[in-house]
Amino acid sequence: MSRDARWSALLELVGRHGRVDVEDAAKALDVSAATIRRDLDQLAEQRLLTRTRGGAVAHGVGYELALRYKEGRNAPEKQAIGRAVADLIAAGEVVGLTGGTTLTEVARSLAVRPDLAGDGAAGRPALTVVTNALNIAHELAVRPQFKTVVTGGVARPQSYELTGPLAAGVLGEITLDVAVLGVNALDTGRGAYVHHEGEAGVNRLLAQQARRVVIAADSSKIGKRAFARVCDLSLVDVLVTDRGIAPEESARLTEAGVTVIAV
């Protein structure tokens, strides 16, 4: 079992039970107790849990563990992508944001942009953000210069995204200047994918309601497919990724009409 797989399993155990025991975890994951102790020490260093004698307990709220762990993976790349995407958005625009760790970095970069710090001209919001992600709405709702619109729907605990007909009902009545999509995979022939069909439906509708579509995804997701397709490449205007993207994949996307920005 890889380190990432062990860490995910350990965090899932802590999130489910509130604590984990070294010996029990070693038996469940079929690795040595020394390996589990080392894993728990490293997770504690990242403030994802709190070490105890013989194991570990949840650090803060248990349901935050999965997202906080994902945020830590490829963090520098995701932060750079977030800043680059934020720079593509003009003041006064209506922006749709899906969920995910990379999109969370986009939202955080928008929140600290100096030119968006005011209240907007003539009482208009500096930015209108439409999102189906509860964690993103939570971060932006405290920014008085932003108008934050939440779609409604049923929350998925794995991603904090709202899905279902309630979300689709809201999105069917609005228009967006730009939709920024977080994806789990981007196939250079077939388009964008996510793991869950409900998220795919909401993401697809966001893309259809927008005048331009930006995908924010680190290079580990390029050239792959996931379970549910969001949209074809013909609907995508820009991909913002990191410099790890393979040259041949970048070339295929460019040939398909997608502007590739690698940061």
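Presented here is an overview of the structure given in this document. In this text the structure is predicted, and so the values were computed from the model without any measurement.

So, on to the sheet that holds strand β1 (residues 19-21). In space, the 3 strands of this open sheet follow the order β1-β3-β2, with antiparallel pairing throughout. Of all the strands in the sheet, the pair left with one neighbour each is β1 and β2 (49-52). Put simply, the sheet's adjacent strands are angled 20° from each other on average, direction ignored. Here β2 pairs with strand β3 (residues 55-58) via 4 bridges, running antiparallel. Residue pairing in the sheet places T52 in a bridge with G55 of β3. Contacts between helix α2 (residues 22-29) and the sheet are confined to β1, β2 and β3, with β1 contributing the most and set at about 75° to the helix. Helix α3 (residues 33-45) rests against β1, β2 and β3 of the sheet, and its axis sits at about 135° to β2.

A few words on unusual backbone geometry. Even without being a glycine, D30 presents a positive backbone phi close to 60°. Take D30: it is sitting in the loop between α2 and α3. The phi dihedral of Y160 falls on the positive side, at around 65°, and the residue is not glycine. If you trace the backbone, Y160 turns up in the loop between β7 (154-156) and β8 (161-163).

What counts, and at which threshold
- Residues numbered from 1 in each chain as written.
- Predicted model: local features only at pLDDT ≥ 70, side-chain atom pairs only at ≥ 80, totals over all residues.
- Heavy atoms only, no water.
- Pairing = 2+ DSSP bridges.
- Helix = DSSP H or I, 4+ residues; strand = E, 2+ residues; numbered from the N terminus.
- Axes fitted to C-alpha atoms, helices over the stretch in contact; angles between N-to-C directions.
- Contact = heavy atoms within 4.5 Å.

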